[in-house]
Amino acid sequence: MTTHTNFSCSPYAFAGRGFVRLRDILAPTGPIPVSRSSWWAGVKAGKYPSSVKLGPRTTAWRVEDIERLINELPLHSAGDTQCVKDTHTRK
């Protein structure tokens, strides 16, 4: 018998390609629990992905970059309350 456990954070899944705004990245509505100032410091330090200017007052991030960041950060552990535990057992 084999048990597989997957952790899925589907409420924060972004639609494939395109751009996402900061309000959709940072908590409480987004998956990354840091403040705006910590986010921008992390972007400057190279910890977080660089932004893309879509207009004079519009800044966004590539969906692929944010999804990669979410998968790389230690946010998706067994004790993370934002993730949904999915366990299946096979015989």
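Here the structure is shown first, and the text comes after it.
Remember, predicted model here, so these are calculated numbers, not experimental data. (Residues numbered from 1 in each chain as written. Predicted model: local features only at pLDDT ≥ 70, side-chain atom pairs only at ≥ 80, totals over all residues. Heavy atoms only, no water.)

> I'm lost on the nonpolar core in this one. Help?
For soluble globular proteins, nonpolar side chains are generally found buried alongside one another. Membership of the largest hydrophobic core comes to 14 residues, with the highest contact counts inside it found for Val20, Ile25, Ile32, Trp39, Trp61 and Ile66. Breaking this core down by element, the ones donating at least two residues are helix H1 (36–45) and helix H2 (63–72). When residues of this core are assigned to their parent elements, the largest contribution, four residues, is made by H2. (Core = buried A, V, L, I, M, F, W, Y, C linked by side-chain atoms within 4.5 Å. Buried < 20%, exposed > 50% of the residue type's maximum accessible area, 1.4 Å probe, protein only. Helix = DSSP H or I, 4+ residues; strand = E, 2+ residues; numbered from the N terminus.)

> Could you clarify how one ought to interpret the pattern of salt bridges in this entry?
Any two side chains of opposite charge can pair, so long as their charged atoms come close to each other. For the structure on display, the rule yields two salt bridges. Note that aspartate 65 is salt-bridged to arginine 62, the shortest N-O span being 3.8 Å. Note that aspartate 65 is salt-bridged to arginine 68, the shortest N-O span being 3.2 Å. Linking aspartate 65 with arginine 68, this pair stays in helix H2, spanning three residues, or about one helical turn. The structure contains a network of salt bridges with shared partners spanning Arg62, Asp65 and Arg68. (Salt bridge = Lys/Arg side-chain N within 4 Å of Asp/Glu carboxyl O.)

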